[in-house]
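# Coordinate analysis (summary)
These are the residues of each chain, in order.
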Amino acid sequence: MPQARRGRILDAVAEVLAPGGRFTTFACLHVARTQPARHFTAELAFRFDRLERSKTVWTNLPFAFVHRATQRP
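Conventions adopted
- Residues numbered from 1 in each chain as written.
- Predicted model: local features only at pLDDT ≥ 70, side-chain atom pairs only at ≥ 80, totals over all residues.
- Heavy atoms only, no water.
- Helix = DSSP H or I, 4+ residues; strand = E, 2+ residues; numbered from the N terminus.
- Buried < 20%, exposed > 50% of the residue type's maximum accessible area, 1.4 Å probe, protein only.
- Polar contact = N/O pair within 3.5 Å; in protein donor to acceptor, adjacent residues only side chain to side chain.
- Contact = heavy atoms within 4.5 Å.
- Pairing = 2+ DSSP bridges.
- Axes fitted to C-alpha atoms, helices over the stretch in contact; angles between N-to-C directions.
- pLDDT = per-residue confidence, 0-100.
- Phe/Tyr/Trp six-rings, centres within 6.5 Å; stacked < 30°, edge-to-face > 60°.

This part takes up the side chain of Arg-47. Within the element layout of this structure, Arg-47 appears in helix H2 (residues 35-47). With a relative accessible area of 15%, Arg-47 lands in the buried category. At a separation of 2.6 Å, a polar atom in the side chain of Arg-47 contacts the side chain of Asp-11. For Arg-47, the contacting residues outside a window of four places in its chain are Gly-7, Leu-10, Asp-11, Gln-71 and Arg-72.

Hydrogen bonds between backbone atoms are what pair the strands of a sheet, whose relative direction is either parallel or antiparallel. The three strands lie next to each other as E1-E3-E2, forming an open sheet whose pairing is antiparallel. Of all the strands in the sheet, the pair left with one neighbour each is strand E1 (22-28) and strand E2 (50-53). For this sheet, the mean angle separating the axes of adjacent strands, direction not counted, is 20°. Of the pairings in the sheet, the one linking E2 to strand E3 (residues 64-70) comprises four bridges and is antiparallel in character. If you follow Arg-50 over to E3, its bridge partner there is Thr-70. Lying over the sheet, H2 contacts E1, E2 and E3, oriented at roughly 25° with respect to E3.

Across the protein chain, the average pLDDT comes to 94, with 100% of residues at or above 70. For the protein chain, helix H1 (residues 3-16) is the element with the lowest average pLDDT, namely 94, and E3 is the one with the highest, namely 97.

Our next topic: the environment of Arg-72. Topologically, Arg-72 is positioned in the segment after E3. Once residues within four sequence positions are removed from consideration, Arg-72 is found in contact with Pro-19, Gly-20, Phe-46, Arg-47, Phe-48 and Asp-49.

In this section: the packing of aromatic side chains. Enumeration over the complete set of coordinates arrives at two aromatic pairs. Taken together, a centroid distance of 6.2 Å and an interplanar angle of 10° make the contact between Phe-23 and Phe-48 stacked. Of this pair, Phe-23 sits in strand E1 while Phe-48 sits in the loop between H2 and E2; the two residues are 25 residues apart in sequence, bridging distant segments of the chain. The buried category is assigned to Phe-48, whose relative accessible area is 2%. Considering the side-chain rings of Trp-58 and Phe-63, the 4.9 Å spacing of their centres and the 70° angle between planes classify their relative orientation as edge-to-face. Using a relative accessible area of 35% as the deciding quantity, one classes Phe-63 as partly exposed.

Right, dumping it as structure tokens:
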């Protein structure tokens, strides 16, 4: 997804979340170190007060993890 579109989507999500609300999304492990994935993680960290990453979900194919971004209260 182009960076500008991704940014607009994340801005919209951050805008409509209630204070303390959480945005949850998954990411595939095999692309986690790519530049687009690192940019996405940085964008989440910029827009949200708290960003957590789950342990790897090895039972998912492809292997994945979950980003949990919490909105500022």
